[in-house]
Amino acid sequence: MPRTDTKQQRRRFRKLVDETARQLARHCRDYSENGDLVAVNHPKAQAVLERGFSRLLQSQFTPQVLKLSRAEGLSFPRQKPSEIPQSATPWIAVGADKSSYPTYVLRWFEVSTGNSSADRAIAESVMFSELYKHLQFSGFPVGGDA
């Protein structure tokens, strides 16, 4: 196969992945501060979800963990800045549940071993553990987090 065909196929695949990730992000829901199920529609939250779902699709549905900025974390529903310590970092994990629906988990916590690689490994371990609780059933957890 000529090299240009492969490049064209990669470009088409990347475009399809990006559009699919965008559509998945647009359909995400979360609980609001008063317990209502609402769309995740803040542009920063949408961008985070698109990035996570794009990586998920590119990795053939291997769950992914991303470290977020404080502004990105606060852009999701029910995040109350006054209740989140300034030193906490938001992390998001994305995966696919039993019915292959995209799922995400957002958590804030502090990890400070002084070694950035060790910090990331600890954060990933925590986030994968949290995500797997949500992947065990189909759809959105009734009443909030699993």
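Higher on the page you've got the structure.
Cut-offs used in this document
Residues numbered from 1 in each chain as written. Predicted model: local features only at pLDDT ≥ 70, side-chain atom pairs only at ≥ 80, totals over all residues. Heavy atoms only, no water. Helix = DSSP H or I, 4+ residues; strand = E, 2+ residues; numbered from the N terminus. Buried < 20%, exposed > 50% of the residue type's maximum accessible area, 1.4 Å probe, protein only. Contact = heavy atoms within 4.5 Å. Areas by Shrake-Rupley, 256 points an atom, 1.4 Å probe, with all protein chains shown as cover. Phe/Tyr/Trp six-rings, centres within 6.5 Å; stacked < 30°, edge-to-face > 60°. Salt bridge = Lys/Arg side-chain N within 4 Å of Asp/Glu carboxyl O. Expected span 1.5 Å × (residues − 1). Arc of directions from axis to C-beta. Polar contact = N/O pair within 3.5 Å; in protein donor to acceptor, adjacent residues only side chain to side chain. Pairing = 2+ DSSP bridges. Axes fitted to C-alpha atoms, helices over the stretch in contact; angles between N-to-C directions.

J.: Explain the overall build of the protein chain to me, using residue names and the numbers behind them.
T.: In terms of regular secondary structure, the protein chain is built from 4 helices and 5 strands. For the protein chain, the sequential pattern of α-helices and β-strands runs α-β-β-α-β-α-β-β-α. Along the longest, intermediate and shortest principal axes, the C-alpha atoms of the protein chain span 55 × 40 × 30 Å. Residues classed as buried in the protein chain amount to 37% of the 146 residues present. Intrachain contacts of the protein chain at a sequence separation of at least 6 include 57% that bridge at least 24 residues. Carbon and sulfur atoms make up 50% of the accessible area of the protein chain, which totals about 8700 Å².

J.: Describe the packing of aromatic side chains, naming the residues involved and giving the relevant values.
T.: Using the criterion set out here, one finds 3 aromatic pairs in the structure. Ring geometry for Trp-91 and Phe-109: centres 6.3 Å apart, planes at 10°, overall stacked. Here Trp-91 is found in strand 4 (residues 89–96), whereas its partner Phe-109 is found in strand 5 (residues 102–109), with 18 residues between them in sequence. Measuring from centroid to centroid gives 6.3 Å for Phe-128 and Tyr-132, while their planes differ by 25°, and the two rings are stacked. Of this pair, Phe-128 and Tyr-132 both sit in helix 4 (residues 116–135), separated by 4 residues, roughly a single helical turn. Residue class for Tyr-132 comes out partly exposed when judged on its relative accessible area of 39%.

J.: Summarise the pattern of salt bridges; cite the residues concerned and give the values.
T.: For the structure shown, the criterion picks out 9 salt bridges. For Glu-72, the salt bridge is made with Arg-51, and the minimal N-O distance between the two is 3.5 Å. A residue pair is termed long-range when its members are at least 10 positions apart, and Glu-72 in helix 3 (residues 70–74) and Arg-51 in helix 2 (residues 43–58) qualify at 21 residues. You can call Arg-51 partly exposed: its relative accessible area is 30%. Glu-130 is paired through a salt bridge with Lys-133; the nearest N and O atoms lie 3.1 Å apart. Placement of the pair is Glu-130 and Lys-133 together in helix 4, with a separation of 3 residues, close to one helical turn. Salt bridges sharing partners connect three or more residues here, namely Glu-19, Arg-22 and Glu-50.

J.: Tell me about helix 4, and please be specific about residues and values.
T.: Its 20 residues give helix 4 an end-to-end C-alpha distance of 28 Å, which sits within 8% of 28 Å, the value for a rise of 1.5 Å per residue. Listing the buried residues of helix 4 in full gives Asp-119, Ala-123, Met-127, Glu-130, Leu-131, His-134 and Leu-135. Take helix 4 and look down its axis: the buried residues cluster within an arc of 140°, on one side only. For helix 4, the N-terminal capping position is held by Asn-115, with its side-chain oxygen 2.9 Å away from the main-chain nitrogen of Ser-117.

J.: Tell me about the environment of Ser-99, and please be specific about residues and values.
T.: Locating Ser-99 in the fold gives a position in the loop between strand 4 and strand 5. Given a relative accessible area of 37%, Ser-99 falls into the partly exposed group. Taking the C-alpha atoms as reference points, Ser-99 and Gln-136, 37 residues apart in sequence, are found 9.6 Å from one another.

J.: Explain the sheet that holds strand 5 to me, and be specific about the residues and the numbers.
T.: Taken in spatial order, the 3 strands make up an open sheet running 3-4-5, and their pairing is antiparallel. The open sheet has two edge strands, strand 3 (64–67) and strand 5, and neither has a second partner. Shown here is a sheet whose adjacent strand axes are inclined to one another by a mean of 20°, direction ignored. Relative to strand 5, strand 4 is paired through 8 bridges, and the arrangement is antiparallel. In the strand pairing of strand 5, Trp-91 is matched with Arg-107.

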